[in-house]
Amino acid sequence: MAAFAHSAPCWVDVQLPDLEAGKRFYGELFGWTFRAGEEVDRGGPCVDALSGGKLVAALAAKQDGRMPTAWGIYFATDDIAATVTRIRQAGGQVITEPVRMGGAGVLAQAADPGGAVFGLWQAGDRGGFQKQNEPGSFCWTEVYTRQKDRVDAFYEQVFGFRGTDLGAVGTDESGRGESGTGESGTGESETPESETTDSETPESGISESGADVPGVDFRMWSPAGTEPGPDTAIGGRSVITDAFPAEMPSYFLNYFAVADCDATAETGAHLGGRVSVPPFDIPYGRMAVLHDNQGAEFAVLQPPVPR
């Protein structure tokens, strides 16, 4: 399995009340197959999800009903103890201290100063994704926060991210960022700035295509040692504005690449899920935001057709 650079997104999993229902939903939606989870299981039933025989995610049964039903993102680290120390120094909170998962690797969980939860993974025998940026696999992540200044500084200090504000890469006459591609992890994703359009939906914080947006506040992250910009971006940061309910927490939204955004959204609804943001065009393709049949939120992105 290919190694992941320090700070690259390397894994996603979802915590679900009903594991079997989750397998049926994602199996139909993305064509995933499943096998019993390996040593990365965090205490309960868990299955690996495969696309074309390659690892792309994990589904786990929630052990505590008070925990959210949600997709989680993990960032690679070559020294998890040092990363945990930096998290505390930068004002974050360590939720789960580093714990060894047999020979697979070492896991920890933390929250940034705004409260968004993410994971750390120091690889052993298991590196992470075996497939990404292709239909049926992870392609992008972005954090939504109310505390952008603290959060920007946090990720720069902890992971060495270098930021590019959306306006810095150019805008067209409608205020949207210029079209381009970003590289995710080992490097080929299309970079989806979902907030490049207005008409935001209060439930998800995502914007739908519409009128001009002169003041979009979005920052792309590029790893340390790279030239920051769309070509090297691995994720991003958006802002939860006062237009949304105060009880909406900070969170990460994870994207999966698909071949047909509209068909995927329709299938998701047919399977008992819900489309919270209908398909719309962005400079990096066509995207939608869905909830699965148990409430976990995720986004799908159909890359643009090459011209």
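Below is a summary of the structure that appears in this document. (Residues numbered from 1 in each chain as written. Predicted model: local features only at pLDDT ≥ 70, side-chain atom pairs only at ≥ 80, totals over all residues. Heavy atoms only, no water.)

Okay, the overall build of the chain next. When helices and strands are counted, the chain shows four helices and 16 strands. In the chain, buried positions account for 55% of the 307 residues. Looking at the chain as shown, the accessible area adds up to about 12,500 Å², and 48% of this sits on carbon and sulfur atoms. (Helix = DSSP H or I, 4+ residues; strand = E, 2+ residues; numbered from the N terminus. Buried < 20%, exposed > 50% of the residue type's maximum accessible area, 1.4 Å probe, protein only. Areas by Shrake-Rupley, 256 points an atom, 1.4 Å probe, with all protein chains shown as cover.)

The strand order across the open sheet formed by eight strands is 10-11-12-9-13-16-15-14, and the pairing between neighbours is mixed. The open sheet is flanked by strand 10 (162-165) and strand 14 (274-282), the only strands paired with a single partner. Neighbour-to-neighbour, the strand axes of the sheet open up by a mean angle of 25 degrees, direction not taken into account. Bridging between strand 15 (residues 285-291) and strand 16 (residues 297-302) involves six bridges; their strand directions are antiparallel. Bridging from a neighbouring strand, Leu290 pairs with Phe298 of strand 16. Across the sheet, helix 1 (residues 19-30) lies against strand 13 (251-257), strand 15 and strand 16, angled at about 10 degrees from strand 16, the strand it touches most. (Pairing = 2+ DSSP bridges. Axes fitted to C-alpha atoms, helices over the stretch in contact; angles between N-to-C directions. Contact = heavy atoms within 4.5 Å.)

Looking now at the pairing of strand 14. Bridge count between strand 14 and strand 15: six bridges; the pairing is antiparallel. Bridging from a neighbouring strand, Arg274 pairs with His291 of strand 15. The turn joining strand 14 and strand 15, which pair antiparallel and follow one another in sequence, is formed by two residues.

Below, the discussion takes up the pattern of salt bridges. Pairing between side chains becomes possible if they bear opposite charge and their charged atoms approach one another. A complete count under the given rule lists 13 salt bridges for this structure. The partner of Arg88 in a salt bridge is Glu97, and the shortest N-O contact between them spans 2.3 Å. Given the relative accessible area of 44%, Arg88 is considered partly exposed. For the salt bridge of Asp262 with Arg286, the shortest nitrogen-to-oxygen distance reads 2.6 Å. Pair noted here: Asp262 is in helix 4 (residues 261-270) and Arg286 is in strand 15, with a separation of 24 residues, a long-range link. (Salt bridge = Lys/Arg side-chain N within 4 Å of Asp/Glu carboxyl O.)

Counted at 1.5 Å a residue, the expected span for helix 1 with its 12 residues is 16 Å, and the 16 Å between its end C-alpha atoms agrees. Among the residues of helix 1, those classed as buried are Leu19, Ala21, Gly22, Phe25, Tyr26, Leu29 and Phe30. The buried residues of helix 1 occupy an angular sector of 155 degrees when the element is viewed end-on, so they sit on one face. Turned more than 90 degrees away from the buried face of helix 1, the exposed residues are Arg24 and Glu28. Its side-chain oxygen 3.2 Å from the backbone nitrogen of Glu20, Asp18 forms the N-cap of helix 1. Of the residues one or two after helix 1, Gly31 is the one with positive phi, at around 75 degrees. (Expected span 1.5 Å × (residues − 1). Arc of directions from axis to C-beta. Polar contact = N/O pair within 3.5 Å; in protein donor to acceptor, adjacent residues only side chain to side chain.)

The subject of this paragraph is helix 2 (residues 80-89). When we look at burial in helix 2, the residues that qualify are Ile80, Thr83, Val84 and Ile87. Summarising the axial view, the buried residues of helix 2 lie within an arc of 100 degrees, below the 170-degree limit, and thus occupy one face. Next to the buried residues of helix 2 lie strand 6 (93-100), strand 7 (105-111), strand 8 (117-123) and helix 3 (148-159). Note on helix 2: the residue one or two positions beyond its end, Gly91, has a positive phi of about 95 degrees.

In space, the eight strands of this open sheet follow the order 2-3-4-1-5-8-7-6, with mixed pairing throughout. Among the strands making up the open sheet, the edge pair consists of strand 2 (33-36) and strand 6. Adjacent strand axes in the sheet meet at a mean angle of 25 degrees, parallel and antiparallel pairs treated alike. Pairing analysis gives four bridges linking strand 1 (residues 9-16) to strand 4 (residues 54-61), with the strands arranged parallel. The partner of Leu16 across the bridge, within strand 4, is Ala61. Here helix 1 sits on the sheet and contacts strand 1, strand 2, strand 3 (46-51), strand 4 and strand 5 (70-76); the angle it forms with strand 4, its principal contact strand, is near 150 degrees. Across the sheet, helix 2 lies against strand 6, strand 7 and strand 8, angled at about 170 degrees from strand 6, the strand it touches most.

Next up on the list: the packing of helix 1 against helix 4. For the pair helix 1 and helix 4, interaxial distance at closest approach is 9 Å and the crossing angle is 155 degrees. Overall, the two elements helix 1 and helix 4 adopt an arrangement that is roughly antiparallel. Handedness of the helix 1/helix 4 crossing: right-handed. Where helix 1 abuts helix 4, its residues Phe25, Glu28, Leu29 and Phe30 lie against Thr264, Thr267 and Gly268. Residues that form the contact of helix 1 with helix 4 fall into these classes: three nonpolar, three polar and one charged. (Parallel < 35°, antiparallel > 145°, perpendicular 65-115°, else oblique. Left-handed = near helix turned anticlockwise from the far one by under 90°. Nonpolar A, V, L, I, M, F, W, Y, C, P; charged D, E, K, R; others polar.)

Counting 63 residues, the largest nonpolar core has Trp32, Leu59, Trp71, Phe118, Tyr155 and Phe298 as the members making the most contacts within it. Tallying contributions element by element places strand 4 first for this core, with seven residues. Core analysis: the next-biggest nonpolar cluster, separate from the first, contains 22 residues, Trp140, Leu253, Ala299 and Leu301 among them. (Core = buried A, V, L, I, M, F, W, Y, C linked by side-chain atoms within 4.5 Å.)

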